[in-house]
Amino acid sequence: DYLTGQGIPALLFTGSCRSIRSRVADVAAANIGARVIADLAVPVAASLKPGGHAILTGFTAAETGRLEQRVAEAGFRVVDTPSAGEWTGLIVERSE
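Okay, so let's go over this structure. Treat the numbers as computed from the prediction; the structure is a model and nothing was measured.

**Re helix H3 (residues 64-73)**
1) Next: The set of residues buried in H3 consists of Thr 64, Leu 67 and Val 71. Along the long axis of H3, the arc covered by the buried residues comes to 65 degrees, so they all point the same way.
2) Next: Looking at the buried positions of H3, the neighbouring elements they touch are helix H2 (34-47), strand E2 (48-60), strand E3 (76-80) and strand E5 (87-94).

So, in structure tokens, the structure goes:
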């Protein structure tokens, strides 16, 4: 409701990225832990339009290096690595 109230058209979907068509989403978000994010990196990338972004959270700084490697292999470029306390995240962009 907030997005449409601001005049921003939005279609929201919750569920598995494997349940939607390829290259349709502008943004994906996952707060589920490094191992699961690593396993889903390719399907998340496939669900995003070129230039789309994923917000990936739910892991610690110690897990970031391996996860950055995995998302790069899936076709993402790391845009930012926000953190709050012990938790860290990755904001990534799908390559063209």
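**A word on the pattern of salt bridges**
Think of it this way: side chains of opposite charge can pair up when their charged atoms draw near.
1) Next: Throughout the structure, instances matching the rule amount to three salt bridges.
2) Next: Measuring nitrogen to oxygen at the nearest pair gives 2.4 Å for the salt bridge that ties Glu 93 to Arg 77. Taken as a pair, Glu 93 in strand E5 and Arg 77 in strand E3 lie far apart in primary sequence, 16 residues in all.
3) Next: Taking relative accessible area as the criterion, Glu 93 reaches 19% and is therefore assigned buried.

**Topic: a nonpolar patch on the surface**
1) Next: On the surface, Tyr 2, Leu 3, Ile 8 and Leu 12 cluster together into a nonpolar patch covering about 450 Å² of accessible area.
2) Next: Looking at where Ile 8 falls in the secondary structure, it is placed in the loop between helix H1 (2-5) and strand E1 (25-31).

**Focus on unusual backbone geometry**
Trans is the common state for peptide bonds, and a negative phi is the common state for residues other than glycine.
1) Next: With phi around 60 degrees, Arg 23 is a residue other than glycine that occupies positive phi space.
2) Next: Following the sequence through the fold, Arg 23 ends up in the loop between H1 and E1.

**Some points on the side chain of Thr 64**
1) Next: Note that Thr 64 resides in helix H3.
2) Next: According to the relative accessible area criterion, Thr 64 is buried, its value standing at 11%.
3) Next: A distance of 3.4 Å separates a polar side-chain atom of Thr 64 from the backbone oxygen of Thr 60.
4) Next: Apart from residues no more than four positions distant in its own chain, Thr 64 is found in contact with Phe 59, Thr 88 and Leu 90.

Thresholds, definitions, all that
- Residues numbered from 1 in each chain as written.
- Predicted model: local features only at pLDDT ≥ 70, side-chain atom pairs only at ≥ 80, totals over all residues.
- Heavy atoms only, no water.
- Buried < 20%, exposed > 50% of the residue type's maximum accessible area, 1.4 Å probe, protein only.
- Helix = DSSP H or I, 4+ residues; strand = E, 2+ residues; numbered from the N terminus.
- Arc of directions from axis to C-beta.
- Contact = heavy atoms within 4.5 Å.
- Salt bridge = Lys/Arg side-chain N within 4 Å of Asp/Glu carboxyl O.
- Patch = residues over 30% accessible without salt bridge, like charges linked within 9 Å, V, L, I, M, F, W, Y side chains within 5 Å.
- Areas by Shrake-Rupley, 256 points an atom, 1.4 Å probe, with all protein chains shown as cover.
- Polar contact = N/O pair within 3.5 Å; in protein donor to acceptor, adjacent residues only side chain to side chain.

Geometric values such as these leave the question of function open.
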